[in-house]
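Fold and geometry: a report
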Amino acid sequence: MKVCLLTHSYPRFPNDTTAPFVESTAETLQKHGVDVTVLTPDTPKSNRTLTHRGANLQTYRYFFPRQLQMLGYSNTLVNDCELKRYVYLLAPFMFLSGIFHLFRLHRKHHFDVIHTFWLLPNGFIGAVVSKLCRVPLMVALRGSDIFISKQNPVFRTIARWTLKQATIVTSVTPTFFSDLENFGVPKEKRRLIPNGSHPCLFPAPPSSQLNALRQQMSIPEGDLIVFALGRIVLKKGFDILIQAFLFVKEKVPNVTLIIGGDGTDLERLKTLAKDLGVSDRVRFPGTISRADVPTYFHLCDIFSLPAIFDPKGNVDGCPNVILEAMACGKPVVASGISGIPVVVKDAAIGILVEEKNITQLAEALVTLLTDEAKREQFGRAGQQRILNELTWDKVIEHIKDVYQHSVKTNA
């Protein structure tokens, strides 16, 4: 089977943290005998070979000079709440160029399925070629795409037409199913397929490496560590975590909070930590290289991501970092919203709290910080769930089933 994965975000260089789940999907599909071509827009920071671990990687130019190709790669939204103005200028060029290059690739490879990540822009690009060439279309929702598709009448019209052309629409969370229903997508065309992970992707580093990182970040030797990771934007709820940490520190004095990642909300978070008087126990290492991520996961005692629906209604489907924490055997404290409860079983793998509930979040963290046996129990259970149900190999089997169904439906 020949499949084109269409995306606007893909790791641009070795150890890049951009959309690793797309890369994992491509690599695992290739390993399972699917002939994969990845088509993604060019970006000034891209430094990848055309063939990577078996998958055929193709990029396309959509604007000149190259430095002005600024769409995708987390450059589209301000704090994930509103579109940047240049999107309206560049989007038509991306649509046209993407359609042209996908059509040309299909003429060359004769794809059996077009698999698009994000409803907009890639779903629309795929839908045009799908209709022209009668190729089954699978649209994979992520979160921000549903948010963008409801921003104005033009985007809503494009999204509705795109979903009408799709053979199957997948989501990492049932939360988006109501939006799909409003867009006219029948139940039989919807599928819930979570992302995957695997412990082998996050090997435990030697203790000397863990100690070196602890010293590098000036974390006292006896401190317990709460770790959070993601783009620093409102919907991650990191400000809620810092406010909860103020109360955590009163009950558990020997604790340090690490918030990894970069984004438009970073300076506000640093100011918040300073204003609350907890900046001496909060670390902001910035962007963490993909190669260094396992060290941070294995260093911490708890992983926390109190995600929220931001003021404009945007929310993640299911942050992949939660699966990665589970793969490393770490207990999870997170909000029980969107796709998080799909992978984190409350009181078995971690503790799920109400969205934006600072008191609940603080209590959950204190509960685990003061109970090492429960931390280990939850960590083992999470890692076992990954091995039993949520490895990339198992997830890809579900995706391949969708491909087969799409081909039969389209016949």
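Relevant structure appears above.
**Notes on the sheet that holds strand E12 (residues 255-260)**
Across the sheet, 6 strands lie side by side as E13-E12-E11-E14-E15-E16; this open sheet has parallel pairing. Strand pairing shows two members of the sheet lacking a second neighbour, strand E13 (282-286) and strand E16 (350-353), which therefore form its edges. For this sheet the average axis-to-axis angle between neighbouring strands, irrespective of direction, equals 20°. Pairing geometry for strand E11 (residues 224-229) and strand E14 (residues 302-305), over 2 bridges, is parallel. Counted as the bridge partner of Phe227 is Phe303 from E14.

**Here we look at empty space enclosed by the protein**
Empty space among the atoms can be located by rolling a probe the size of a water molecule over them. For the coordinates displayed, the defined rule picks out 2 cavities of 30 Å³ or more. By volume, the largest cavity is sized at about 120 Å³. Lining the largest cavity are 16 residues, and of these Phe117, Arg142, Ile193, Asn195 and Ile399 sit closest to its centre. Only strand E7 (113-117), strand E8 (137-141), strand E9 (168-171) and helix H15 (392-410) provide two or more residues apiece to the lining of the largest cavity. Forming the walls of the second largest cavity are Tyr10, Pro11, Arg12, Thr40, Ser46, Arg48, Leu57, Thr59 and Tyr73. Of the residues assigned to the lining of the second largest cavity, the class counts are 4 nonpolar, 3 polar and 2 charged.

**Here we look at the environment of Leu132**
Mapping Leu132 onto the fold places it in helix H3 (residues 119-133). You can call Leu132 exposed: its relative accessible area is 59%. A sequence separation of 238 residues divides Leu132 from Thr370, and the C-alpha atoms of the two residues are 60 Å apart.

**So, the pattern of salt bridges**
Where charged atoms of side chains with opposite charge meet at close range, the side chains can pair. In this structure the tally under the stated criterion is 15 salt bridges. Between Lys236 and Asp316 there is a salt bridge, and its shortest N-O distance comes to 2.5 Å. You can see Lys236 sitting in the loop between E11 and helix H8 (238-251) and its partner Asp316 sitting in the loop between E14 and helix H11 (320-327), a full 80 residues away along the chain. Across the pair Asp265 and Arg268 runs a salt bridge, and its minimum N-O distance is 2.7 Å. The buried category is assigned to Asp265, whose relative accessible area is 5%. Salt bridges sharing common partners tie together Asp80, Arg231, Lys235, Lys236 and Asp316.

**Overview of the packing of H3 against helix H5 (residues 153-165)**
For any two helices packed against each other, one specifies the inter-axial angle together with the distance between the axes. Viewed as axis vectors pointing N to C, H3 and H5 meet at an angle of 50°, and their least axial separation amounts to 9 Å. Considering their axes alone, H3 and H5 lie oblique with respect to each other. Our pair here, H3 against H5, has a crossing hand that is left-handed. On H5, the residues touching Leu119, Leu120, Gly123, Phe124, Ala127, Val128, Ser130 and Lys131 of H3 are Phe155, Ile158, Ala159, Trp161, Thr162, Leu163 and Gln165. Of the residues that constitute the contact of H3 with H5, the class distribution is 10 nonpolar, 4 polar and 1 charged.

Calculation notes
Residues numbered from 1 in each chain as written. Predicted model: local features only at pLDDT ≥ 70, side-chain atom pairs only at ≥ 80, totals over all residues. Heavy atoms only, no water. Pairing = 2+ DSSP bridges. Helix = DSSP H or I, 4+ residues; strand = E, 2+ residues; numbered from the N terminus. Axes fitted to C-alpha atoms, helices over the stretch in contact; angles between N-to-C directions. 1 Å grid on protein atoms, 1.4 Å probe; cavity = no way out; pocket = protein on both sides within 12 Å on 5 of 7 lines; lining within 4 Å. Points joined across faces, edges and corners; volume = space filled by probe spheres on them. Nonpolar A, V, L, I, M, F, W, Y, C, P; charged D, E, K, R; others polar. Buried < 20%, exposed > 50% of the residue type's maximum accessible area, 1.4 Å probe, protein only. Salt bridge = Lys/Arg side-chain N within 4 Å of Asp/Glu carboxyl O. Parallel < 35°, antiparallel > 145°, perpendicular 65-115°, else oblique. Left-handed = near helix turned anticlockwise from the far one by under 90°. Contact = heavy atoms within 4.5 Å.

The values are spatial; any link to function lies outside them.
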